[in-house]
Structure formats: C-alpha cells, structure tokens
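# Structural characterization, general
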Amino acid sequence: MTKEKGNIYLSSPQFTGEEIEFVQRALDQENIATNGVFIRQFEKAIQERFDSPHTVALNSGTSSIHLSLHLLGVGAGDEVICQTFTYIASTNPILYLGAKPVFVDSEESTWNMCPEKLEQTIKDRLAKGIKPKAIVVVNLFGMPANWPELIKVAQLYDIPLVEDAAESVGSKIGDKFTGTFGDLGIYSFNGNKIITTGGGGALLTNNRFWDKKSRYLSTQAKLDFPYFEHIEMGFNYKMNNISAGIGLAQLGVLEDRIQKRRDIFAYYKKNLELLPGISFLKEPEGYFSNRWLTTMIIEPDTTGFKASELREFLLKDGVESRFLWKPMHLQPMYKNAPYSGGNIAEDLFLNGICLPSGSALTEQELDRIINAVFILHKEVVLKSEKTV
Ligand SMILES: *Cc1c(COP(=O)(O)O)cnc(C)c1O
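Residues numbered from 1 in each chain as written. Predicted model: local features only at pLDDT ≥ 70, side-chain atom pairs only at ≥ 80, totals over all residues. Heavy atoms only, no water.

So, about the site of the ligand. The full set close to the ligand counts 15 residues, and Thr62, Asp164, Glu167, Ser188 and Lys193 are the nearest of them. For the ligand, an oxygen atom lies 2.8 Å from a polar atom in the backbone of Gly61. Lys193 places a polar side-chain atom, nitrogen or oxygen, 3.4 Å from an oxygen atom of the ligand. For the ligand, whose unbound accessible area comes to 380 Å², protein coverage reaches 94%. (Near = heavy atom within 4 Å. Polar contact = N/O pair within 3.5 Å; in protein donor to acceptor, adjacent residues only side chain to side chain. Areas by Shrake-Rupley, 256 points an atom, 1.4 Å probe, with all protein chains shown as cover.)

Next comes the structure, spelled out in structure tokens:
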C-alpha cells in the first residue's frame, strides 16, 4: 500500500522526538560508524532492561540469526529444526550456511513450536542417523513459545536452541524475558517492529565466549594487528551509531509502546469477540505478550466471510491488514524440506488475519476497522434486517 494520508497501516513506527537529538549528537561528534559510543550504551541498556548477561547490537534480526547459527557451528549439509509458522527471516540463514531446514508444526496454545512434535522430529532424525545441529523457535506476533517444555526436550537431546524473539521484544513468561530463553536469542529493530532503529538487531546470550566471538565475527574477523590479519571468514554485521542512538530513544518508551499495543488488542477483542466465529489468542497462565500485532481468527462458515474477503474489504477503505505468516513448508522454495506435524499452522494461515496494531492508532481508526468487520458479518446483517 502506498503512503497516503487517511490510510491506516499495519504497524507504523512511532517516534518520541528524542531520536533526533541522538542523531544530531552522533553527527556533531562525527561518530556515526560501527564503533560509536551509543552502541555500547544501547547494548548495556538492553542487558539491563531484559536481564541478559551479554548483548551485541547488530544490523538486522536476520544477520543476528545467521551469526547465531554460525556460532553454533552449523555448516554445509547440517540439519536445523525450525518452526514452520514464521516469517522467512527465521529460516533463510539456515540456507546461507548451506544447511537444511526441517520444519515442525505449532501448538494450539501459543501458535509456536509444539514441544511434542519437536521431540518426535528429533527421534525421527536420530533414527535416520542424523543429529540436528540446532533448533530455531519463534515467539510469533509477540506470544512467547512454550519455553519450559521446549528447553526440556532440547536439553534431553543436547541440541542448542536459537530463540527468534524478533517480534516479542518485552514479552515474558513470569519474570523472564523472551530473547533470554534460548542458548542464543535475537531481537529485531526493523521499521515495523514494536521499537525500531530503522534497521537493526541484537544477539543475546549468557555465554561470554559467544559475546566476544560475535563482536569479532560481525566486524569482518579482524585480528588485532597493526594491519588487518584474517584467519577466518567474518561478516559486516555490526549496528551503526546512528541506529543505536535511535534505539536508545526507542528503548526508553518501550513500556508505553507495549501498553498501547496491549490496549489495542484489548479494544479489538472487547468489540469483536462476541461475534460468532471470531476469536483471539489468549495468553496462557503466566505468559505476557507484547501483542506486537493483533491477530484474529475467522471461522468463515459462521461469520459468512473469509479472512481474504475481510482483507480486500479493508484495503478498499485504505486499511492495510495481512494474512498470518504462510508456513515455510508450504513455500515453493522449501517444498522438498521435511515437515513434521498436522495442519495447525496451515489452518492459522487460512483463517487468520493481522489487524492494524501500530502504537499511534487512534480510537476512531480502530472503530473504522471494527465497523468493517460488523458490516461483513452475517449475524449482524440478519439482526439488522430483522429490526428494519
Ligand atoms: C522481523 C523478523 C525477523 C528479522 O528481522 P530483520 O531485522 O527484518 O532482519 C526475524 N524473524 C521474525 C519472526 C521476524 O518477524
């Protein structure tokens, strides 16, 4: 959708006004590159805010996943188990390394990787004589995955977990923040995420060695010589100082952004869940989702309309919505990858829709979207016909 006044977008960024001061300071100090002072400050702020022992600020969520898998020694021909229900950024880094993804279905309660299916998949691969090198689990739309159970399975078979927390910055189970459950965790600060640095990411770990190694690898693996000496392949993946400055301003208002997204979710839910055939994902006991995007499930037999029809109806009114992620095992590029599971992710893709959820949305804008659902809903139409 092209940017136009009056349109409503899925997840627009929201600025505080302080970003410009950080950017100005970076420019004034002629300190804009990947060794600037805001970078270390941003890393420390993340460590404190999310109780993460080590954090390395990188230039995207995707590069953070790539580097994580690289640190775990994933290489050509290896297998990596991955949640099928996700955005392609979770899985492409597996291909960058010449490794092969093995996809696993979701569970009903969190929509994230099903721990039982994970265990079945590991057993199945072991029976074929293959030990998967890593497991990539995602906290989709902000909802934490079933970490207590997933960690049990991963430890039982001694396979490291990479936590893709790109969408779940600030989400938690009990007091523990997403991004700190995996052996390595990643955040994304892309333009559409709950807080943004323009483009950016972070790698979180409690392993001091990985912290050091990822700083080295993300800056082209330069050895500390008077000239540049290289003994292995590195990457140009470090965050720059301008982005880190924007990140410091954004992190300062994360609390408020989370509250706003949760309020938006609650508003949609309150107004729409009484309609037959419409439902929303609940937080399991002890779970706290940042509700990055409000997602809604539509049972077309009951509502009289499909997710695709609502999407088109909204689009005509200048409102952007989106299907839930198309499962990776259904993507043409991954058609030969092994898949284990049923049709949970497939059904979510078929019947789900992401509604506009940006923290700057107004109540009038939300009402416009809610009204559209009412107009399409057959129960509402029948009732209003009766009263005429
Ligand atoms: C956004 C996103 C990423 C990648 O982040 P970038 O910063 O855009 O590279 C990874 N995984 C998921 C699930 C995402 O939504």
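Picking up where we left off.
With that settled, the discussion passes to the pattern of salt bridges. Per the counting criterion, the structure on display carries 14 salt bridges. A salt bridge links Glu149 to Lys152; the shortest N-O distance between them is 3.1 Å. Here Lys152 and Glu149 lie together in helix H6 (residues 147-156), a separation of 3 residues that amounts to about one turn. The exposure class of Glu149 is partly exposed, given its relative accessible area of 34%. Residue classification places Lys152 among the exposed positions, given a relative accessible area of 52%. With a closest N to O distance of 3.4 Å, Lys269 and Glu273 form a salt bridge. (Salt bridge = Lys/Arg side-chain N within 4 Å of Asp/Glu carboxyl O. Helix = DSSP H or I, 4+ residues; strand = E, 2+ residues; numbered from the N terminus. Buried < 20%, exposed > 50% of the residue type's maximum accessible area, 1.4 Å probe, protein only.)

Turning next to the UniProt feature "active site" (unreviewed entry) in the protein. The feature "active site" (unreviewed entry), as annotated in UniProt, sits at Lys193 in this numbering. When near neighbours in sequence (up to four residues on either side) are disregarded, Lys193 contacts Ala166, Glu167, Ser188, Arg261 and Trp292. (UniProt positions renumbered as here; feature names shortened; annotations may be inferred. Contact = heavy atoms within 4.5 Å.)

This paragraph deals with unusual backbone geometry. Its identity as a non-glycine residue notwithstanding, Glu30 has a phi of 50°, on the positive side. Within the element layout of this structure, Glu30 appears in the loop between helix H1 (19-28) and helix H2 (37-50). Backbone geometry places Ala221, a non-glycine residue, at a positive phi of 50°. Inspection of the secondary structure assignment puts Ala221 in the loop between helix H7 (208-217) and strand S10 (223-224). For Ala221, a relative accessible area of 0% gives the class buried.

Most often, soluble globular proteins have nonpolar side chains that are buried together. Counting residues in each nonpolar core, the largest one holds 60 residues, and the members touching the most others are Phe42, Ile46, Phe85, Ile135, Phe141 and Tyr187. Looking at this core, the element that brings in the most residues is H2, giving 5 residues. For Phe141, the residues in contact, after removing those within four places along its chain, are Phe85, Trp111, Glu167, Ser289, Asn290, Arg291, Trp292, Leu293, Thr295, Leu324, Trp325 and Cys354. (Core = buried A, V, L, I, M, F, W, Y, C linked by side-chain atoms within 4.5 Å.)

Moving on: the environment of Leu67. Mapping Leu67 onto the fold places it in helix H3 (residues 61-71). Remark: the alpha-carbon pair of Leu67 and Ser106, spanning 39 residues in sequence, is separated by 25 Å.

Our focus in this paragraph is the sheet that holds strand S7 (residues 176-177). The 3 strands lie next to each other as S7-S6-S13, forming an open sheet whose pairing is antiparallel. With partners counted over all chains shown, the strands left at the sheet margins are S7 and strand S13 (287-288), one partner each. Bridging between strand S6 (residues 172-173) and S13 involves 2 bridges; their strand directions are antiparallel. Each bridged residue has a counterpart across the sheet, and for Lys172 the counterpart in S13 is Phe288. (Pairing = 2+ DSSP bridges.)

Sheet strands line up and pair through hydrogen bonds in the backbone, either parallel or antiparallel. On the basis of which strands lie adjacent, the open sheet formed by 8 strands has the order S1-S9-S8-S5-S4-S2-S3-S16 and mixed pairing. Of all strands in the sheet, those with a lone pairing partner are strand S1 (54-58) and strand S16 (339-340), marking the two edges. In this sheet, strand S8 (residues 184-188) lies alongside strand S5 (residues 161-164) in parallel orientation, the contact comprising 3 bridges. Paired with Val162 across the two strands is Leu184, which belongs to S8. Packing of H2 onto the sheet brings it into contact with S1, S8 and strand S9 (201-205), and relative to S1 it is tilted by some 135°. On the sheet, helix H5 (residues 115-127) packs against strand S2 (79-83), strand S3 (100-104), strand S4 (134-138) and S16 and is oriented at approximately 140° with respect to S3. (Axes fitted to C-alpha atoms, helices over the stretch in contact; angles between N-to-C directions.)

Every buried residue of H1 is accounted for by Glu19, Phe22, Val23 and Ala26. The arc that holds the buried residues of H1, viewed along the axis, is 100°, so those residues lie on one side. The exposed set on the far side of H1, more than 90 degrees from its buried face, consists of Ile20, Glu21 and Asp28. For H1, the secondary structure elements touched by its buried residues are H2 and helix H8 (241-251). Positioned one or two residues after H1, Glu30 has a phi angle of 50°, which is positive. (Arc of directions from axis to C-beta.)

With that settled, the discussion passes to the side chain of Ser218. Within the element layout of this structure, Ser218 appears in the loop between H7 and S10. From its side chain, Ser218 meets the backbone oxygen of Arg215 in a polar contact 3.2 Å long.

On to the packing of aromatic side chains. Per the stated rule, a full pass over the model turns up 15 aromatic pairs. Seen from their ring centres, Trp147 and Phe181 are 5.7 Å apart, and the 5° between their planes marks the pair as stacked. Taken as a pair, Trp147 in helix H6 and Phe181 in the loop between S7 and S8 lie far apart in primary sequence, 34 residues in all. Phe181 matches Trp147 in its accessibility class, with the two residues each being buried. Ring pairs connect the aromatic residues Phe42, Phe50, Phe177, Tyr187 and Phe189, which therefore count as one cluster. Above the plane of the ring of Phe288 lies Lys172, whose end atom (NZ or CZ) is 5.2 Å from the centre. Here the guanidinium or amino end of Lys176 rests over the ring plane of Phe181, the centre of that ring lying 5.3 Å away. (Phe/Tyr/Trp six-rings, centres within 6.5 Å; stacked < 30°, edge-to-face > 60°. Lys NZ or Arg CZ within 6 Å of the ring centre and 35° of its normal.)

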